Amino acid sequence: MSKVFTNATLVLPDRLLKDGWLLEQNGKIAGYGPGTPPEADETVDCGGLYLSPGFIDVHCHGGGGGSFGRLELEQHVTAMKLHLRHGTTSMTPTPSTGKAEDIRKLAEIKAEIDKREDLPHHLGYFLEGPYTQPHPDMKLGDVKPPVLTPELYAEAVEAAKGVVNRWMAAPELEGGMAFGRALRAAGITGCMGHSNATFAQVEEAMRNGYSCVVHLYSVMSTVTRDMGFRRGGLVEAGLLLDDLDVEIICDGCHLPPELIRLAVKCKGYDRLMLVSDCGPLGGFPDGEYEADFGMAKLKVFIEDGVCKPPARNCFLGSVATGDRLVRTVYKQAGIPLWGAVRMATKTPARHCGFAGVKGEITLGADADLICFDDDIQVSRVYLMGRSVDIQA
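Cut-offs and rules
Here, residues in each chain are numbered from 1, in the same order as that chain's written sequence. Two thresholds apply to this predicted model, a pLDDT of at least 70 for residue-level local features and 80 or more for giving and counting side-chain atom pairs, whereas whole-chain, interface and lining totals are computed over all residues. Computation of side-chain values: all heavy atoms of the structure, hydrogens and water removed. Two strands qualify as a pair provided DSSP detects at least 2 bridges between them. Numbering of helices and strands runs from the N terminus, with a helix taken as a DSSP run of H or I at least four residues long and a strand as a DSSP run of E at least two residues long. What counts as an axis is a line fitted to C-alpha atoms, over the stretch in contact for a helix, and the angles between N-to-C directions run from 0 to 180 degrees. As used here, the term nonpolar core means buried Ala, Val, Leu, Ile, Met, Phe, Trp, Tyr and Cys residues forming a set that is joined through side-chain atoms within 4.5 Å. Type-normalised accessible area, obtained with a 1.4 Å probe on protein chains alone, sets the label of each residue: buried when under 20%, exposed when over 50%, and partly exposed for intermediate values. Call a crossover right-handed when, viewed with both strands pointing away from you, the route from the first strand across the helix to the second goes clockwise. Residue contacts follow a heavy-atom distance rule, with two residues in contact if any of their heavy atoms lie within 4.5 Å. The reported arc concerns the directions from the helix axis to the C-beta atoms and nothing else.

> Lay out the sheet that holds strand β12 (residues 164–169) in plain terms, naming residues and giving numbers.
The strand order β11-β12-β13-β14-β17-β18 describes an open sheet built from 6 strands, whose pairing is parallel. On the outer flanks of this sheet lie β11 (125–128) and β18 (272–275), each paired with one strand and no other. Taken pair by pair, the neighbouring strands of this sheet meet at an average axis angle of 30°, ignoring direction.

Right under this line is the structure:
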């Protein structure tokens with residue numbers, strides 16, 4: 001069976017192609033171009049909308065009331081459906097655990113999700129922690145950073161093979177470099193975040209398996225002074241070191257437009273990934289809630305477009321979805337639409353090991369496609385060429 005999409009502006013990795021068409025066959029992109037479309041079994045008129053690869057979110061904790069921190073299938077399904085409605089067709093759901101038994105349960109949940117055709121593609125989990133520095137803005141008492149020993153993490157890393165795609169740690173922790181090497185040996189991408197690493201420690205971490213900076217600017221070291229001598233931190237390393245991939249939370253709250261533009265100027269479209277860092281309350285209106293992040297239930301407030309603790313002294317993740325990320329970068333930061341989409345599609349696909357398979361309009365790629373208008377309002381979603389009811 002084949003399907004041809006017509007009357008669309010195609011969002012390609014390097015430009016917009018107006019008056020375009022795209023041919024899908026057996027779930028794959030079989031052709032695209034301007035001019036007269038080819039014959040197909042079915043024709044879909046896009047009505048002049050943009051036809052884009054579906055968004056890929058590599059850092060998301062939940063949404064719609066569902067939490068990836070809960071080891072329950074329905075919690076994960078609820079969250080994934082919320083993000084699918086807003087154009088995310090692939091993701092790395094993000095719990096925080098270092099326990100082998102939890103990871104084995106996550107493997108069971110992923111296996112069930114992989115059987116379904118009505119959810120975003122599960123690219124493997126992203127574990128954000130727990131091997132990190134204590135959050136400086138949270139009142140956690142006398143919490144000391146963990147010491148990473150093989151006895152602590154070896155069983156969990158073994159269980160994570162083929163289940164976990166990415167894993168974050170603070171590499172400067174005692175044993176952090178060895179942990180990075182263990183991740184690399186297991187085929188898991190090592191990420192740095194919630195960290196006080198110096199620039200030199202980041203360079204060392206890159207030699208020991210780490211290759212990504214998680215939510216740049218947020219909960220990480222920056223310029224410090226030691227007896228008058230300034231030194232860079234993880235922020236500066238993420239901006240300067242070309243081989244590092246970098247996440248940025250583009251909900252319009254975590255980062256102002258100037259910091260988004262600075263990151264784009266330093267890294268380019270091929271090393272930056274737009275992420276939501278969305279919590280369980282993604283998609284909820286302003287108000288007071290009790291949110292279940294998997295580790296504990298917390299009283300939170302949604303206001304000013306973001307999730308806050310009662311003290312309102314920091315953010316507790318976001319409530320953003322993929323469309324909002326692209327809209328912020330395009331409309332507020334002034335990045336070309338194709339560039340904003342590239343950072344939400346092709347770059348995270350390559351980062352997760354799916355280059356040429358997902359995240360771009362190219363021959364042979366999966367036909368995960370979305371239609372949206374110039375305000376990035378998503379109206380249609382296709383998974384492997386199949387239309388998905390995003391109202392369900």
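Let's pick the thread back up.
> Could you give an account of the nonpolar core, naming the residues involved and the relevant values?
Soluble, globular proteins show a tendency: their nonpolar side chains are buried together. The biggest cluster of nonpolar side chains holds 81 residues, and the ones touching the most others in it are Trp 167, Phe 179, Ile 248, Leu 274, Val 326 and Phe 372. By size, the runner-up hydrophobic cluster in this structure holds 17 residues, among which are Leu 12, Leu 17, Leu 49 and Tyr 382.

> A description of the pairing of strand β14 (residues 210–213) should follow, citing residues and the corresponding values.
Inspection of the sheet shows strand β13 (residues 189–192) paired to β14 by 3 bridges, in the parallel sense. Residue pairing across strands places Met 192 opposite Val 213, the latter belonging to β14. With helix α5 (residues 199–206) bridging β13 and the parallel β14, this β-α-β connection has right-handed handedness. Relative to strand β17 (residues 245–249), β14 runs parallel, the two being bridged by 2 bridges. Counterpart to Cys 212 in the pairing with β17 is Asp 245.

> Go over the sheet that holds strand β6 (residues 55–60), please, and point to the residues and values.
Taken in spatial order, the 3 strands line up as β6-β9-β10 in an open sheet, and their pairing is parallel. Each having just a single partner strand, β6 and β10 (121–122) make up the two edges of the open sheet. Strand direction decides the pairing type here: strand β9 (residues 88–93) and β10, joined by 2 bridges, are parallel. Across the sheet, Ser 90 pairs through a bridge with His 121, a residue of β10. Relative to β9, helix α1 (residues 73–85) is tilted by about 140°, and along the sheet it contacts β6, β9 and β10.

> Tell me about helix α3 (residues 150–160), and name the residues and values.
Among the residues of α3, those classed as buried are Tyr 153, Ala 156, Val 157, Ala 159 and Ala 160. Seen end-on, α3 carries its buried residues on one side only, within an arc spanning 160°. Among the exposed residues of α3, those oriented more than 90 degrees off its buried face are Glu 151 and Glu 155. Each element contacted by the buried residues of α3 is listed here: α2 (100–113), β12 and α4 (176–185). Residue Gly 162 follows α3 closely and has a positive phi angle near 80°.

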